[in-house]
Amino acid sequence: MRTIMKIVSAVLVVAAATVGTMAYVGMSHAEQIGAVDTVFKWIGPDHKIVVDAYDDPKVPGVTCYVSRAKTGGIKGGLGLAEDRSEASIACQATGNIQFPGPLKQQEEVFTERTSLLFKRLRVVRMVDAKRNALIYMTYSDRVIEGSPQNSVTAVAVPHGTQIPVK
């Protein structure tokens, strides 16, 4: 019985350490820009809103800023809480926009786990070739049921720079 408890404890520690980690397409990584507390918790971290920056791994010169709720308390501190589905996104040209290769018409750019097993926050890039713009949308999904709540932003590509599409 003690061996089983040790194994279960080890699995929970490893799972808690991986919650909130970001999976990236390409070589991009998240950088936390800041956070504000929204609810004080006596035990464990406070509930908060965090703002992270993600550079688009396939479009140098574009950065997306995603703000979202982060659940605190004991469950949040252990990585067992489920974060809320609401998120907001704003993407900007933060340098010269470049296209090292053709882009898919629609492609997931970032994904992050927001619960221990079943829920993820996703960012998808879409190409609007007619208007020469990149559209970024964030939403949350679950294995069985997702949320219709979403946020969208657009980055205009400078005239004379055509977006290569696969």
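Our structure is the block above this text.
All of the points below concern the structure found in this document. On a predicted model such as this, the values are computed, not experimentally measured, just so you know.

Quick notes on the pattern of salt bridges
Line of reasoning, step 1. Scanning all chains against the criterion turns up five salt bridges.
Line of reasoning, step 2. Residue Arg 125 is joined to Asp 56 by a salt bridge in which the shortest nitrogen-to-oxygen separation is 2.8 Å. One end of the pair, Arg 125, is in strand E7 (residues 119-128); the other, Asp 56, is in the loop between strand E3 (47-55) and strand E4 (62-70), and 69 residues separate them in sequence. Grouping residues by exposure puts Arg 125 and Asp 56 together as buried.
Line of reasoning, step 3. Between Arg 125 and Glu 107 there is a salt bridge, with the nearest N and O atoms lying 3.1 Å from each other. One end of the pair, Arg 125, is in strand E7; the other, Glu 107, is in strand E6 (residues 106-113), and 18 residues separate them in sequence.
Line of reasoning, step 4. On the basis of relative accessible area, Arg 125 is assigned to the buried category, the value being 1%.
Line of reasoning, step 5. Residue class for Glu 107 comes out buried when judged on its relative accessible area of 9%.
Line of reasoning, step 6. It is possible to trace a salt-bridge network through shared partners that takes in Asp 56, Lys 58, Glu 107 and Arg 125.

Thoughts on the state of the cysteines
Line of reasoning, step 1. With the rule as written, the count across this model stands at one disulfide.
Line of reasoning, step 2. Cys 64 shares a disulfide with Cys 91; S-S distance 2.1 Å. Handedness here is read from the sign of the S-S torsion; for Cys 64 and Cys 91, about 105 degrees, the answer is right-handed. Here Cys 91 lies in strand E5 (residues 87-93) and Cys 64 lies in strand E4, a separation of 27 residues in the sequence.

What counts, and where the lines are drawn
Residues numbered from 1 in each chain as written. Predicted model: local features only at pLDDT ≥ 70, side-chain atom pairs only at ≥ 80, totals over all residues. Heavy atoms only, no water. Salt bridge = Lys/Arg side-chain N within 4 Å of Asp/Glu carboxyl O. Helix = DSSP H or I, 4+ residues; strand = E, 2+ residues; numbered from the N terminus. Buried < 20%, exposed > 50% of the residue type's maximum accessible area, 1.4 Å probe, protein only. Disulfide = S-S within 2.5 Å.

These figures come from the coordinates and say nothing about function on their own.
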